[in-house]
Amino acid sequence: MSNVRQRKSMKQSIAKQFEVREEHVAPCVKFSLFVTNTIAWLISVGLLGVGIYSRSISQGFLDLSGFTTDPSILLIVVGTMFTMIGFLGAIGSLRENVSMLKAFHYILIALLLVELITGLLVYFLQTHVRAAAIKQTLLAIEQYQSTNKATALDDAIREVQIRFQCCGAEHPSDWRERSRYFRCTKEDFVDIVSSCGVPPSCCVDKAKATTNAQCGFKVFSYANMTVEEMKKYPSISMRGEIINTNGCVAAVFTWIHANWLVLGILCGLVIIIQIAGIEFSRRLIDQIWYIQTQF
């Protein structure tokens, strides 16, 4: 008898809290979840498609070289994960499927916890994060132009160096020391036109015009040049006027510190959206459970 009263009391509590009608769940909660997750699913499918296309035209899926530094892999992983989450949330809310909604609910909670823990670790371990960023950037430099086709990694390096007006991980000499295309050995200097230089994306673009593709050539080899080559390529004293001399890792960290307020607001909005998804899915699950127990 006490169990019956307890169940009846629980039903009344849920009904009062969510103001549930007996015949259907609250449409506001249901369709808010459906619309937001459908939009998230479409965006995620787009990211996944871009990642797959980029990987397939550059290195292919059987070639695992540069796996940890290829931006297309990040797009594939993120796109796959959020495609699954969006599918669970959209279909689960549309079909009022409790199992799918519970999976969506707990995955969002786990994702939120991972994001919060990652944020705290990045904040309190900035030195280690910077060292890891330098290591990964040097690996990316080693993989630069590793194939005959343009890769997502090549495009990412070019965009970062242009956007942040930087060159190399810590210094432009990273290209000379790490990339086989820009090494400064005597053999390379003779045989490869790009040896002892840096990519065009390192060049200073004062006029914001199209960068000269050869402006970074031979910037590290002035001491080995002939008189004719000295006239053609910039001297060491002119290097700072020709190429950007600050490293990209420091430039990115400086940009993050300068824009911490905007980045904080964006991260806060993402967290609020996730918390709303967690709360809405919990409400919908409780409403569905209440209706099922009514009939």
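Up top you'll find the structure we're talking about.
A quick note: this is a predicted structure, and the numbers were derived from the prediction, not measured.

### Comments concerning the packing of aromatic side chains
Tallying each qualifying case throughout the model produces 5 aromatic pairs. Ring centres of Tyr144 and Trp175 lie 5.0 Å apart, and the angle between their planes is 75°; on these two criteria the pair is classed as edge-to-face. Here Tyr144 is found in the loop between α5 (126-143) and α6 (152-163), whereas its partner Trp175 is found in helix α7 (residues 173-178), with 31 residues between them in sequence. Comparing Tyr144 with Trp175 shows no difference in burial state: the two are buried. Their ring planes at 85° and their centres at 6.0 Å tell us that Phe164 and Trp255 sit as a pair that is edge-to-face. Taken as a pair, Phe164 in the loop between α6 and α7 and Trp255 in helix α11 (residues 248-258) lie far apart in primary sequence, 91 residues in all. Here the aromatic residues Tyr144, Trp175 and Phe182 are joined through ring pairs into a cluster of three or more. Just above the ring of Phe253 sits the side chain of Arg130; from NZ or CZ to the centre is 4.4 Å. Lying across the ring of Phe164, Arg163 places its NZ or CZ 5.2 Å from the centre.

### Examining the pattern of salt bridges
Evaluated as defined, the whole model comprises 7 salt bridges. When the shortest N-O distance is used, the salt bridge between Asp155 and Arg158 registers 2.8 Å. Of this pair, Asp155 and Arg158 both sit in helix α6, 3 residues apart, which is roughly one turn of that helix. The structure contains a network of salt bridges with shared partners spanning Glu279, Arg282, Arg283 and Asp286.

### Focus on the side chain of Ser44
Tracing the backbone shows Ser44 in helix α2 (residues 27-58). Judged by relative accessible area, Ser44 falls into the buried class, the value being 4%. One polar contact links the side chain of Ser44 to the main-chain carbonyl oxygen of Ala40, over a distance of 2.7 Å. Each residue touching Ser44, except ones within four places of it in the same chain, is listed here: Gly79, Phe82 and Thr83.

### So, the environment of Ile288
Tracing the chain through its elements places Ile288 in helix α12 (residues 260-294). Taking C-alpha positions, Ile288 is 7.4 Å from Val98, a pair spaced 190 residues apart along the chain. Excluding residues within four positions of it along the chain, Ile288 makes contact with Val25, Glu96, Val98 and Leu101.

Calculation criteria
Residues numbered from 1 in each chain as written. Predicted model: local features only at pLDDT ≥ 70, side-chain atom pairs only at ≥ 80, totals over all residues. Heavy atoms only, no water. Phe/Tyr/Trp six-rings, centres within 6.5 Å; stacked < 30°, edge-to-face > 60°. Helix = DSSP H or I, 4+ residues; strand = E, 2+ residues; numbered from the N terminus. Buried < 20%, exposed > 50% of the residue type's maximum accessible area, 1.4 Å probe, protein only. Lys NZ or Arg CZ within 6 Å of the ring centre and 35° of its normal. Salt bridge = Lys/Arg side-chain N within 4 Å of Asp/Glu carboxyl O. Polar contact = N/O pair within 3.5 Å; in protein donor to acceptor, adjacent residues only side chain to side chain. Contact = heavy atoms within 4.5 Å.

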